[in-house]
Amino acid sequence: MAHLQLTALAGGADDEMEEVALLGSYDVEAGAGDEEAGMRRVQVRVAGMTCSACTGAVEAALSARRGVRRAAVSLLQNRAHVVFDPELAKDEDIVEAIEDAGFEAEILPDSTVSQPKSQKTLSGQFRIGGMTCAACVNSVEGILQKLPGVKRAVVALATSLGEVEYDPSAISKDEIVQAIEDAGFDAALLQSSEQDKVLLSVSGLHTEGDVDVLHDILKKIEGLRQSGVNFANSEVEIVFDPEIVGLRQIVDTIEMESNDRLKAHVQNPYLRAASNDAQEASKTLHLLRTSLLLSIPVFFIRMVCPHIPLISSSLLMHFGPFRIGDLLKWILVSMVQFVVGKRFYVAAYRALRHGSTNMDVLVVIGTTASYVYSACALLYGAFSGFHPPIYFETSAMIITFVLFGKYLEVLAKGKTSDAIKKLVELAPATALLLLKDKEGKYSGEKEIDASLVQPGDALKVLPGSKVPADGFVIWGTSHVNESMVTGESVPISKEVSSPVIGGTMNLHGVLHIQATKVGSGTVLSQIISLVETAQMSKAPIQKFADYVASIFVPIVITLSLLTFLAWFLCGWLGAYPNSWSAETSNCFVFSLMFSISVVVIACPCALGLATPTAVMVATGVGANHGVLVKGGDALERAQNVKYVIFDKTGTLTQGKATVTTAKVFSGMDLGEFLTLVASAEASSEHPLAKAILDYAFHFHFFGKLPSEKDSIKKRKEEILSQWLLDVADFSALPGIGIQSWINGKKILVGNRALIIENGVNIPDEAEHFLIDMELSAKTGILVAYDGGFIGLIGITDPLKREAAVVVQGLKKMGVHPIMVTGDNWRTAQAVAKEVGIEDVRAEVMPAGKADVIRSLQKDGSVVAMVGDGINDSPALAAADVGMAIGAGTDIAIEAADYVLVRNNLEDVITAIDLSRKTFSRIRWNYFFAMAYNVVAIPIAAGALFPFTGLQMPPWLAGACMAFSSVSVVCSSLLLRRYTKPRLTTVLQITVE
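Residue numbers here run from 1 along each chain, matching the order of that chain's written sequence. Residue-level local features of this predicted model are given only where pLDDT is at least 70; pairs of side-chain atoms are given and counted only at 80 or more, and the full residue set underlies all totals for whole chains, interfaces and linings. With hydrogens and water set aside, each side-chain value is computed from the structure's full complement of heavy atoms.

Of regular secondary structure, the chain possesses 34 helices and 36 strands. Taking all 992 residues of the chain together, 52% fall into the buried category. By sequence separation, contacts in the chain at least 24 residues apart represent 71% of the contacts at least 6 residues apart. Note on areas: Shrake-Rupley with a 1.4 Å probe; residue coverage comes only from the protein chains shown. For the chain, the accessible area works out to roughly 43700 Å², and carbon and sulfur atoms hold 56% of it. Each helix is a run of DSSP H or I of at least 4 residues and each strand a run of E of at least 2, with the numbering of both proceeding from the N terminus. Relative accessibility decides the category of a residue: with a 1.4 Å probe and only protein chains considered, values under 20% of the type maximum give buried, values over 50% give exposed, and everything between is partly exposed. Throughout, a residue-residue contact means that at least one pair of heavy atoms, one from each residue, lies within 4.5 Å.

In C-alpha cells form, the structure reads like this:
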C-alpha cells in the first residue's frame, strides 16, 4: 500500500509511539553522533575574548590538546563547547589549555541541556537476598537476561550481589527489582554508573563550623559520590547517583539535618551565566568611570587651560625641572595607562605569547607609542630646557573611548541573547507538590523549588500560574496558553489525560498534573538547548571573517610602519613644506601621530561580530515565532532554497484520516464486512488502520456508550476485546497493505497492487467506484477474503486550510513547490490540483523520496524538504534544508535542520523569509565593517591632509574604532524587530 505511510496524527496524545527526545541534540558535524559515542561534553566559560581572533586562538589551543575531538567557541556567549575522550583528557586539562592560551576558564556545572540519558547504558549493582545455591544464581541470571533492555547480568552467590547492564529508556531499576522479587528473592539497588553534577547555593554558611556541619550531612547521604564546598560563594558542588538518591531528597536532608539552619537551592546555569555577564558589564563600567575621571582633567589641561591666562601661567610654573601642568598630566595618564589599561596589556601579552594577535595588541601599540614618546619628550624638555609638544592626552583618551565602546558592546551583545533569557524565564521558580498519606490519598500540598520536581510527582497548578513540568492532567479542566512555547495563539482546552507542557500558562481552572518529564527532558529545556546550540554554531560565511581577522592585525601594523616611514622620509627629504609639521615641531612627531592613528582606528572586532550577532538574534527571533533553527549553516542554506518538497499526509493534509465510504461488492452484510476488516487491522499501528477501526466501532456501538470520557475509553477496551475476531499470522507489507488469517481464511487489506499481486480479480463496478473516489482526492482501501474481492473503503485526509495560500506564496517568493507522496497517482494529482502544485511525484516509497531530492540537487539547486519527521527522516537528512513540521512534544526531529513547532505551513515561509532577512543583514554588516576599515585607515594615514590640511588626531581615531563595532552589533539588533510575513503581503493582495 504505497499510500499507507506511517504518519504522526496531529495532537495524537494517545498514540502509543516510541518515545524519543523531541529535539535531540544537534551535532554540528554530520555523523558526529556515531563518532562521538562515549565522549564527554563540557561547557566552559571563557573570559577575556574580544574578537574572532581570540576565538580562533582558543579553538586552536583546545584542538591541539590530546584527546579533544571537537571544540566550538562562541565570542558572544563567552563559552566553549568541548567534546573529548575522558580516557585521554580530564576537565582540568581543558581548563589548562584555555588558560595557556591566555584566557580565564571555568567548567560550567552540568546544565539542563545535557544529553538525554536514554542514549546510554547504565550499570547497576543490586543486593539480592535469599539465594542459597548455584541453581538460585542461574535462576536470577536467567530472569534478568530475559528482561527487555537488559544487556548483561552477572550474579555472585558469595557476595549476594548482582551487576546488571541495562538501557534506562527500556527498563527502570524498579522493574528490575520487581522482576527479582517476583522470582522469590529480596532485591534492592545499591549503586549505579549514572551520575549527575549539580551546583547548590546554600544560605546559612556563616562560619567554618557551618561548613563542617554541611560536610558531615553530605557524608551521610547514600548515593552521594562527591562534594565540594565553596565557602566564599556559599556554594556546594555535588556529584550523585540519581538512581539511588534524588536531588529533592538531598536538599530536604540538608535542611532537616541542620534543623533548618542551612537552606539549599539549585542554581540555574543560565541565570548564573547572566550574572557573569552583569559582572562583566559592571567591571567595564567601573574602569570606564575611573578612566573618564582621570582623563577629563588631562583634556582640560591640554585644551582649555592654555586659553585661561591665570591658570595657564600657574601650569607653566616649575616643580623641580618639570612644568606643573606636564607633571600633572604624566601622573594622571600613567594611572590610566597602567592601572586602567592593565587589561589591554595582559590580553595583548597572552595573545602574542601564543603567536596570535587581536584588537588589544593594536590598542597597546598605539597608546604605548604615544605614552612613551610623551614621557621621553617631557624628560628631554626637563633637562634640556627645550620643550617639544607632548601628547599624553592621546593615550588616555584612546583608552577611555575604547572602554566606552567595549561597555556599549557588552550591553548590546547582552541584548542578542534576550531570546534565551526569555525562554529561561518561562520556567516557574516553584511548584506545588501534592503530598500523599500512607494509603495513597492526597493529604496536603507543599511548595518546592521547580527544579526539584521528579517524574511521577503529582502537582497542583493554580489559575494564572505556570505549569512546572511536562506531564498530563489527572484531575480538573482548564484552558492553557501555550503560545510562549509553541507559538499557537489560541488557548488549548485541557481535561483529564490531556498533555501539558512545562512553562505554559494555566488560565482558568485548577489542574492536578502528573509530571512525566523534568530537567533536560522537557520541551522547554530542549528548545533552549536547540537555540543555544544554534547560536554556538558558525555559518560558513563567517569563515571569511575569521580568515581576515587572522591576518588583519599584522597588516595594520605593517601599514602603520609604512605610514610613519613615508611621512618621515618625505619630511626629511623636504618633499612637503615645513609648515605642515610646524605644529608638532618636527617631522618625527608629525609622522608618529599619523602612524598611531592608523593603528588605533583599525577595527577587527566589527568583522568578527558581523555574523555571530545576526545569527544569535535570528535564532532567538525564530524561536519566539515557533521556528527553531539548528545552526548558522542551516540558516545560510535556507536563503537560497529553489525547491520545496512537501510530503502529502500530515504535511499538506491534517493527518487526521477519516473513513467516508464503505461499500460491499459481495453478498456480505456491511456490519459483518466492517467487523472482518477491523479485526484484520486491529494489530496494525498505522493511522489509517486506526481510522478503519474507529469507523467500524462507531458503526456497531454508536449510542451504546456512557457519556463520561474515562468510562467510554474503558468500555471501548472491553468491547474491542470481545467484539473482534481472532486473527492469526498477521503481517504488515510495507507500502502495499497487510495480510492475515481469520477463521482459517486469508484476508488482504491494501491497495490495488496488493490485490492484483495475489491474483484477485477486481470487478468493473468496484474499479469505476475506486476511480471516482481517487479523482475526488480520497484513498481507496481494497479488501479481499478467501481469494475473492469483497469490498472497499474510502478514506480522506482533509487539507490544511492554509496549504493552498502557502503554496501560492512560495511561488511568489521564487520557490518551486513539489509534492512527493506514496499515494496513488489519481489521489495525488487531485490533492495537488486543490493546493496549486503542478509538479507531483506519486507512488514513491519512503526511501525513494531521498532519491527524488538527490535528482533535484544534481544541478546545484538547494532543496528543502517539509515532512512530519517520522517516515520522512531519510528525505529530511538528504535535503539541503530539512524542515520537520508539527513537532508537538513526542516526535524525534534529529534529521531536520529546522523544527516548525506549530503544525502550520505558514512557518515554512517564515523560515525562508527569516533566513533571507538575516543574511541580508549580515551582508550589510560586512559591508559596513569592510567599508569602515577601507575608508578610515587611509584617512587616518593622512591621505587627505595634502588637499584639506585636516589631520585625524589619534584620540578621535580611537573613538571611531570604538563605535564601529557597536554600530555592527546595533545593526544586528534591528533583526529583533522582525515580523512574520503576512500572506497577503507575500501574495501582493490588497485587502480593502
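And the narrative resumes.
In this section: the pairing of strand 28 (residues 737-742). For a regular strand, side chains alternate in direction, first toward one face of the sheet and then toward the other. When strand 27 (residues 727-733) meets strand 28, the two strands line up antiparallel, connected through five bridges. Pairing of Ala732 across the sheet is with Ile738, part of strand 28. Pairing between strands requires that DSSP locate at least two bridges from one strand to the other. When strand 28 meets strand 29 (residues 745-750), the two strands line up antiparallel, connected through six bridges. By the bridge assignment, Ser740 is partnered in strand 29 with Ile747. Hairpin connection, strand 28 to strand 29: the antiparallel pair is bridged by two residues, and Asn743 has positive phi, about 55°.

The salt bridge definition used is simple: a Lys or Arg side-chain nitrogen within 4 Å of an Asp or Glu carboxyl oxygen. Per the stated rule, a full pass over the model turns up 24 salt bridges. Among the salt bridges present, the one from Glu106 reaches Arg45, with a minimum N-O distance of 3.2 Å. Separated by 61 residues along the polypeptide, Glu106 in strand 4 (residues 104-107) and Arg45 in strand 1 (residues 40-47) bring together distant segments of the chain. Under the relative-accessibility criterion, Arg45 is labelled partly exposed at 26%. With its nearest N and O atoms 2.8 Å apart, the salt bridge here joins Arg261 to Asp210. Note that Arg261 is positioned in the loop between helix 7 (247-257) and strand 12 (263-266) and Asp210 in helix 6 (residues 208-220), a separation of 51 residues in sequence. For Arg261, a relative accessible area of 46% puts it in the partly exposed group. It is possible to trace a salt-bridge network through shared partners that takes in Arg752, Glu767, Glu774 and Arg826.

Moving on, we get to the packing of helix 18 (residues 587-601) against helix 31 (residues 906-940). Lines fitted to C-alpha atoms define the axes here, with helix axes fitted over just the stretch in contact, and angles between the N-to-C directions of these axes take values from 0 to 180 degrees. Taken N-terminus to C-terminus, the directions of helix 18 and helix 31 make an angle of 165°; their axes are 8 Å apart at the nearest point. Between helix 18 and helix 31, the angle is such that the two are roughly antiparallel. Taken as a pair, helix 18 and helix 31 cross one another with a handedness that is right-handed. The segment helix 18 lies against helix 31, with Phe594, Ser597, Val598 and Ile601 engaging Tyr932, Ala936, Ile937 and Ala940. Here the contact of helix 18 with helix 31 is composed, by residue class, of seven nonpolar, one polar and no charged. For classification, angles of less than 35 degrees are called roughly parallel, those exceeding 145 degrees roughly antiparallel, those between 65 and 115 degrees roughly perpendicular, and all remaining angles oblique. Crossing chirality is assigned from the near helix's rotation relative to the far helix, an anticlockwise turn below a right angle marking it left-handed and a clockwise turn marking it right-handed. Under the scheme applied, nonpolar residues are Ala, Val, Leu, Ile, Met, Phe, Trp, Tyr, Cys and Pro; charged residues are Asp, Glu, Lys and Arg; polar residues are all the others, including Gly.

A general tendency of soluble globular proteins is for nonpolar side chains to be buried together. What is meant by a nonpolar core is a set of buried Ala, Val, Leu, Ile, Met, Phe, Trp, Tyr and Cys residues, joined one to another through side-chain atoms within 4.5 Å. Grouped together as the largest cluster of nonpolar side chains are 143 residues, with contacts concentrated most on Val44, Val644, Tyr898 and Val908. The element best represented in this core is helix 31, accounting for 13 residues. Every residue in contact with Val644, bar those within four places of it in the chain, is listed here: Leu810, Val815, His816, Pro817, Ile818, Ala864, Val866, Val908 and Ile912. The next biggest cluster of nonpolar side chains, apart from the first, holds 29 residues, and it includes Met668, Leu676, Leu688 and Ile793.

Within the secondary structure, Phe730 sits in strand 27. Spatially, the C-alpha atom of Phe730 lies 9.5 Å from that of Ile742, the residues being 12 residues apart in sequence. With residues near it in sequence (within four places) discarded, Phe730 still touches Ala680, Ser683, Ser684, Ile738, Gln739 and Ser740.

Let us now look at the environment of Leu782. One can find Leu782 in strand 30 (residues 779-785). Of the residues examined, Leu782 reaches a relative accessible area of 1% and is grouped as buried. Sequence separation of Leu782 and Arg752 is 30 residues, and the distance between their C-alpha atoms is 6.7 Å. Not counting residues up to four positions away in its chain, the partners in contact with Leu782 are Leu748, Val749, Gly750, Asn751, Arg752, Ile755, Ile762, Leu770, Phe789, Gly791 and Leu792.

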